[in-house]
Amino acid sequence: MGCVVDEHEELTIILPTYNEAGNIQPMLETLSSLYPGASIIVADDNSKDNTQENVLDFANSHPLTRLLRRDPADRGLTASIVDGIMSAETAHFVVMDADFQHPPGSVGDLHVKLKAGAEIVVGVREDKTKLSVSRMLASWGAHMMAQVYLKTMRRPSSQDTMSGFFGGQTKLCQRTIEEKGHKFERAGFKVLFDLLKFLPHSTEVIEVQFVFNTRRSGESKLSSRIILSILRQCGFVGKVTALAVQFMLINMVGRFLSALSLGLLFTFWIMGIQHIVYDDHMVTSTVLAFILAMSYLVIANKYMLTHGRRDGLVLGAKLVFTAFSGYMVNLYIFYMAFSAPFQCRPCQCSWDSALPTCGTP
Ligand SMILES: Nc1nc2c(ncn2[C@@H]2O[C@H](COP(=O)(O)OP(=O)(O)OP(=O)(O)O)[C@@H](O)[C@H]2O)c(=O)[nH]1
Ligand SMILES: [Mg+2]
């Protein structure tokens, strides 16, 4: 009499979680009823809600489910998944989100490919229209950069390098993490991209399409910090771009300086091409500059600062303060540059087309 072998007993499902109390219990129930032989690791980053309690409750009656409590000083989605992979004891693993955006029913499709010998299996989102337009654009931009990077470095790639739904041969990925894990962007969101960067050149990547859903409960943890971390993953150029974007769009002083320079440049440009003098049209051009600087700050605020955050009022107040103080500095600089004592020395000034000629009353 032969014993029955569960077809998923060589699989570990890794679920990274942060504040997923509303999703984790139904997710664990669904997974263990679909794949009763599979092990489940929940890598939780010290959630502030009841996520950990819910996992422990479930694990009491399901010995194949484990809670991995993470070091609070090392919070990060990539770091959590890396820890999950390192503690997996089965031949294969699959990583998925706990918020039902990745359908539990598709885990089996990925596992079938791993059992057939695929080294890495990537879940490719069939339809990304459930993402907002800005998310879709950001995801497309990040994917293009990742693809260029991987192709240049002759590394394995995928149609969906930004996917969070993927699986692999455990030993192969553990070896890669042991050797190159210190180069991963641990606080980032895109561990698949990090793995592809360091897996052997010959790694075989197989793709499986899946239907991408909306988050079932709770809030997204994606923030401008995370978006920048994707840039930082793209080599030296990515790191420099991330620094520039961080300074110009997120850093308070940086945003202020960028808006101010933009306003000033614009004003001088308009005055230059129109041959406008300070006395006649200073107000028009500085007001235009103010509108431009304000728009810049609104865009910086909307797309970079508030993403995934709820403290809009405080940020709004900061925005108005920044824009207004920018306007005041603008006015002051114009006053210093073009007021009476300077008006009779136009030839010493490089902005002579914007200056009145000597003898202007
Ligand atoms: N351990 C750990 N898990 C995290 C962290 N941030 C997010 N997660 C989990 O990672 C998964 C994906 O996070 P989401 O916030 O849904 O990110 P996303 O799917 O890219 O964004 P949305 O499409 O807006 O949901 C979820 O299961 C989160 O609970 C973290 O810092 N640590
Ligand atoms: Mg999600």
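Residues numbered from 1 in each chain as written. Chains lettered and ligands numbered in written order. Predicted model: local features only at pLDDT ≥ 70, side-chain atom pairs only at ≥ 80, totals over all residues. Heavy atoms only, no water.

1. Observations regarding the environment of Asp-71
Note on placement: Asp-71 falls in the loop between strand E3 (65–69) and helix H3 (77–87). Given a relative accessible area of 44%, Asp-71 falls into the partly exposed group. Placed 25 residues apart in sequence, Asp-71 and Asn-46 show a C-alpha to C-alpha distance of 8.0 Å. At 2.9 Å, the side chain of Asp-71 and the backbone nitrogen of Ala-73 are in polar contact. (Helix = DSSP H or I, 4+ residues; strand = E, 2+ residues; numbered from the N terminus. Buried < 20%, exposed > 50% of the residue type's maximum accessible area, 1.4 Å probe, protein only. Polar contact = N/O pair within 3.5 Å; in protein donor to acceptor, adjacent residues only side chain to side chain.)

2. Overview of the coordination of the magnesium ion (ligand 2)
In the first shell of the magnesium ion (ligand 2), the protein supplies Asp-99 (OD) and Gln-101 (OE1), at 1.9 to 2.0 Å from the metal. The burial state of Asp-99 is the same as that of Gln-101; both residues are buried. (Donors = N, O, S within 2.8 Å, 3.2 Å for Na, K, Ca; no water.)

3. As for the side chain of Glu-20
Position of Glu-20 relative to the elements: it lies in the loop between strand E1 (11–17) and helix H1 (21–34). We classify Glu-20 as buried; its relative accessible area is 5%. Each residue touching Glu-20, except ones within four places of it in the same chain, is listed here: Asp-49, Thr-51, Ala-98, Asp-99, Arg-215, Ser-217 and Lys-221. (Contact = heavy atoms within 4.5 Å.)

4. Examining the pattern of salt bridges
For the structure shown, the criterion picks out ten salt bridges. One salt bridge connects Arg-186 with Asp-83, and the closest N-O pair in it is separated by 3.8 Å. Of this pair, Arg-186 sits in the loop between helix H6 (170–180) and helix H7 (191–198) while Asp-83 sits in helix H3, and the two are 103 residues apart along the sequence. For Asp-83, a relative accessible area of 26% translates into the label partly exposed. If you follow the salt bridges from partner to partner, you end up with Asp-45, Arg-70, Asp-74, Asp-83 and Arg-186 in one network. (Salt bridge = Lys/Arg side-chain N within 4 Å of Asp/Glu carboxyl O.)

5. Structural notes on the site of ligand 1
Taken together, 19 residues lie near ligand 1, and Glu-20, Asp-45, Arg-215, Ser-220 and Lys-221 sit nearest. Ala-43 places a main-chain nitrogen or oxygen 3.1 Å from a nitrogen atom of ligand 1. Contact between ligand 1 and Ser-80: a nitrogen atom at 2.8 Å from a side-chain N or O atom of the residue. Protein contact buries 93% of the 630 Å² of open area that ligand 1 shows by itself. Only E1 and H3 provide two or more residues apiece to the shell around ligand 1. For the shell around ligand 1, a count of residues per class yields six nonpolar, five polar and eight charged. (Near = heavy atom within 4 Å. Areas by Shrake-Rupley, 256 points an atom, 1.4 Å probe, with all protein chains shown as cover. Nonpolar A, V, L, I, M, F, W, Y, C, P; charged D, E, K, R; others polar.)

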